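# Structural overview for review
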Amino acid sequence: MPIAISSHYRFPIPGLPETEIIELAERLLKELGVSHYNVTLCLTDDAEIRNLNHTYRYKNQATNVLSFPFAEGLEEDLSYTGLRELGDIVISIDTALKEAYSFNQSPKFRMTWLIAHGLLHLLGFDHERSAEDAANMVIQEKQLLNRIFKTRSCPMPQLAINVDHIATIRQARGGAEPDPVFAASICELAGAKGIVVHLREDRRHIQDRDVYLLRKTVKTRLNLEMGANNEIIDIACDIVPDLVTLVPEKRQELTTEGGLDVAAQKKKLAKVIKKFTKAGIPVSLFIDPDPAQIQASHDIGAQFVEIHTGRYCDALSEKQQDIEFDLIATAAEEASRRGLRVNGGHGLNYQNADRIAALSTIEELSIGHSVISRAAFTGLEQAVKDMLQIIQNAQVRW
Ligand code: PXP
């Protein structure tokens, strides 16, 4: 067995049993092409790693990882001994967990990075040798981790916050507060990478003034949701959002109820897309996870689709939720294969968003109601950060 673990750590690592650490390290050895070599992984705490750091590197402080190569790199002249030892890697679990927390990573992801870093040291890489060596080691680490976490075909999904519900509260009294423009800035400060607003024909929440101001203040990306209605199309062409998402719109509905039937109105929607394309505005179509709608969206030249996650979120049993999830996963794959960029949204909350966020094909999640609802109790900044953390953790699941 190439990986031996020597654990001096008192507690189990949350969500990461020793067998999984061994599995991770073996995958890394394989990726590095040295799976026939032995490595000892020593898991310890800050006090012990500090002693080792002091003794062997004259640094009287704790650190995250130390590597002790058996020889200088992979010395071929040792081959006659029959020894296949790379050396020892010592990891402080105290520091690994602190780093995981502060970098918003799962313990598993942090441990993988530390083992990869330690292995590269054992193979002769050294970031302390020169700036060039440091840069090279970073590249090696990134490539290695990308290969290990290769399930994603695009980076972690971005979080776009829909601030319509802030406007709904404002409209309840018809006054000036709370202001969705102010809310959008807080969301961005908390880490959201986009702001979504739906300018409805009946102006029940977002007003024209909001979209014009948001165009001037949003620093990330402004996604304007809208029905394919001429009056709203003119406003969109005037403000030029970063993305237009076309949705079906019925006056009586409480919220967008289903996806657009693109297949049934290809001609009309193709014309709208053409108009927006001419104005330099990319278009996304909000569709159900249905192959016919993906095909139609592709045929009429949409750049994005937003897959409707509502049925998955509303499922009343685990079995039904699994079925809906599979439809979304398959539809997102299919759209991505056809060259469409894929977003997702509707009904996502703190309990169900992680599974969708873990899909490797999803670029952005558009979330409104659950975040604004939570904000009433935690504040908007915290509510956005809590959702971001869920998305971030979903990324590192296998
Ligand atoms: N995406 C689209 C196309 C929507 O219409 C909505 C609701 O306005 C959302 C996402 C956000 O849904 P929720 O408010 O349920 O998070």
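The text that follows walks through the structure, step by step, so that each part is easy to find. Please read these numbers as outputs of a predicted model, since none were measured by experiment.

## A word on the overall build of the chain
Secondary structure assignment for the chain yields 16 helices and 12 strands. Expressed along its principal axes, the backbone C-alpha trace of the chain runs to roughly 80 × 45 × 45 Å. With the model as given, the accessible surface of the chain reaches about 19,300 Å², and the carbon-plus-sulfur share is 52%. In the chain, which carries 44 positive and 54 negative side-chain charges, the distance between the mean positions of the two groups comes to 6 Å.

## Focus: the packing of helix 9 (residues 230-239) against helix 10 (residues 266-278)
For the pair helix 9 and helix 10, the least separation of the axes is 10 Å and the interaxial angle reads 20 degrees. Judged on the interaxial angle alone, helix 10 and helix 9 are roughly parallel. Helix-helix and strand crossings are classified by hand; for helix 9 and helix 10 the assignment is right-handed. Facing helix 9, whose interface residues are Ile 233, Asp 234, Ala 236 and Cys 237, helix 10 presents Val 272, Lys 275 and Phe 276. Residues that form the contact of helix 9 with helix 10 fall into these classes: five nonpolar, no polar and two charged.

## A word on the sheet that holds strand 12 (residues 362-367)
Strand pairing in a sheet is mediated by backbone hydrogen bonds. Such pairs are either parallel or antiparallel. The eight strands are arranged 5-6-7-8-9-10-11-12 in a closed barrel whose pairing can be described as parallel. Ignoring strand direction, the axes of neighbouring strands in this sheet form an average angle of 25 degrees. In the sheet, strand 7 (residues 222-226) pairs with strand 8 (residues 243-246) via four bridges, with the strands oriented parallel. Bridging across to strand 8, Leu 224 finds its partner in Val 244. Lying on the sheet, helix 9 is in contact with strand 7 and strand 8; it crosses strand 7 at an angle near 170 degrees.

## Points about the pairing of strand 1 (residues 3-7)
As paired strands, strand 1 and strand 2 (residues 38-44) are joined by five bridges and run parallel to one another. In the strand pairing of strand 2, Ile 5 is matched with Leu 41.

## A few points about the packing of aromatic side chains
Under the counting rule described, the total for this entry stands at three aromatic pairs. Between Tyr 9 and Phe 11, the aromatic rings sit 6.0 Å apart at their centres with planes inclined by 80 degrees, giving edge-to-face as the arrangement. Where Tyr 56 meets Phe 68, the ring centres are 5.3 Å apart and the plane angle is 70 degrees; that geometry is what we call edge-to-face. With Tyr 56 in helix 2 (residues 46-57) and Phe 68 in strand 3 (residues 65-69), the pair connects residues that are 12 residues apart, well separated along the chain. Looking at Phe 68, the relative accessible area reads 26%, which means it is partly exposed. Over the face of the ring belonging to Tyr 9 we find Arg 10, whose NZ or CZ atom lies 5.7 Å from the ring centre.

## Things to note about the packing of helix 4 (residues 107-122) against helix 5 (residues 131-148)
One can describe the packing of helix 4 onto helix 5 by two numbers: an axis separation of 10 Å at closest approach and a directional angle of 130 degrees. The angle between the axes of helix 4 and helix 5 places the two elements in the oblique class. Seen from above, helix 4 lies across helix 5 with right-handed handedness. Of the residues in helix 5, those touching helix 4 at Thr 112, Trp 113, Ala 116, His 117, Leu 120 and His 121 are Met 137, Gln 140, Glu 141, Leu 144, Leu 145 and Ile 148. Across the contact of helix 4 with helix 5, the residue classes break down as seven nonpolar, four polar and one charged.

## With respect to the sheet that holds strand 3
Taking strand neighbours across the sheet as the criterion, the four strands line up as 1-2-4-3 in an open arrangement whose pairing is mixed. Unpaired on one side and paired on the other, strand 1 and strand 3 mark the two borders of the sheet. The mean inter-strand angle of the sheet, taken between neighbouring strand axes irrespective of direction, is 15 degrees. Where strand 3 and strand 4 (residues 85-92) come together, five bridges link them in antiparallel fashion. By the bridge assignment, Val 65 is partnered in strand 4 with Ile 91. Relative to the sheet, helix 1 (residues 18-31) contacts strand 1, strand 2 and strand 4, its axis offset from that of strand 1 by approximately 140 degrees.

## Side note on the nonpolar core
Soluble globular proteins tend to bury their nonpolar side chains together. Formed by 73 residues in total, the largest nonpolar core has its most connected members in Leu 224, Met 226, Leu 246, Phe 276, Leu 285, Val 371 and Val 384. Ranked by residue count, the leading element in this core is helix 16 (residues 380-395), at seven residues. Excluding residues that lie within four positions of it along the chain, Leu 224 makes contacts with Val 197, Leu 199, Val 211, Ala 236, Ile 239, Pro 241, Leu 243, Val 244 and Thr 245. In this structure, Leu 28, Val 39, Leu 114 and Leu 123 belong to the second largest nonpolar core, which totals 34 residues.

## Quick word on the pattern of salt bridges
This structure, assessed with the given rule, holds 24 salt bridges. With a shortest N-O distance of 2.9 Å, Lys 98 and Asp 46 are connected by a salt bridge. Of this pair, Lys 98 sits in helix 3 (residues 93-102) while Asp 46 sits in helix 2; the two residues are 52 residues apart in sequence, bridging distant segments of the chain. The exposed category is assigned to Lys 98, whose relative accessible area is 51%.

## Remarks on the environment of Glu 363
Position of Glu 363 among the secondary structure elements: in strand 12. In this structure, the C-alpha to C-alpha distance between Glu 363 and Val 342, residues 21 residues apart in sequence, is 5.8 Å.

## Some words on the pairing of strand 2
Counting buried positions over the seven residues of strand 2 gives five, a clear majority of the element. Two elements, strand 2 and strand 4, share seven bridges in a ladder whose sense is parallel. When the sheet's bridge partners are listed, Cys 42 is paired in strand 4 with Val 90.

Conventions used here
- Residues numbered from 1 in each chain as written.
- Predicted model: local features only at pLDDT ≥ 70, side-chain atom pairs only at ≥ 80, totals over all residues.
- Heavy atoms only, no water.
- Helix = DSSP H or I, 4+ residues; strand = E, 2+ residues; numbered from the N terminus.
- Areas by Shrake-Rupley, 256 points an atom, 1.4 Å probe, with all protein chains shown as cover.
- Lys, Arg positive; Asp, Glu negative; His and termini not counted.
- Charge placed at Lys NZ, Arg CZ, Asp CG, Glu CD.
- Axes fitted to C-alpha atoms, helices over the stretch in contact; angles between N-to-C directions.
- Parallel < 35°, antiparallel > 145°, perpendicular 65-115°, else oblique.
- Left-handed = near helix turned anticlockwise from the far one by under 90°.
- Contact = heavy atoms within 4.5 Å.
- Nonpolar A, V, L, I, M, F, W, Y, C, P; charged D, E, K, R; others polar.
- Pairing = 2+ DSSP bridges.
- Phe/Tyr/Trp six-rings, centres within 6.5 Å; stacked < 30°, edge-to-face > 60°.
- Buried < 20%, exposed > 50% of the residue type's maximum accessible area, 1.4 Å probe, protein only.
- Lys NZ or Arg CZ within 6 Å of the ring centre and 35° of its normal.
- Core = buried A, V, L, I, M, F, W, Y, C linked by side-chain atoms within 4.5 Å.
- Salt bridge = Lys/Arg side-chain N within 4 Å of Asp/Glu carboxyl O.

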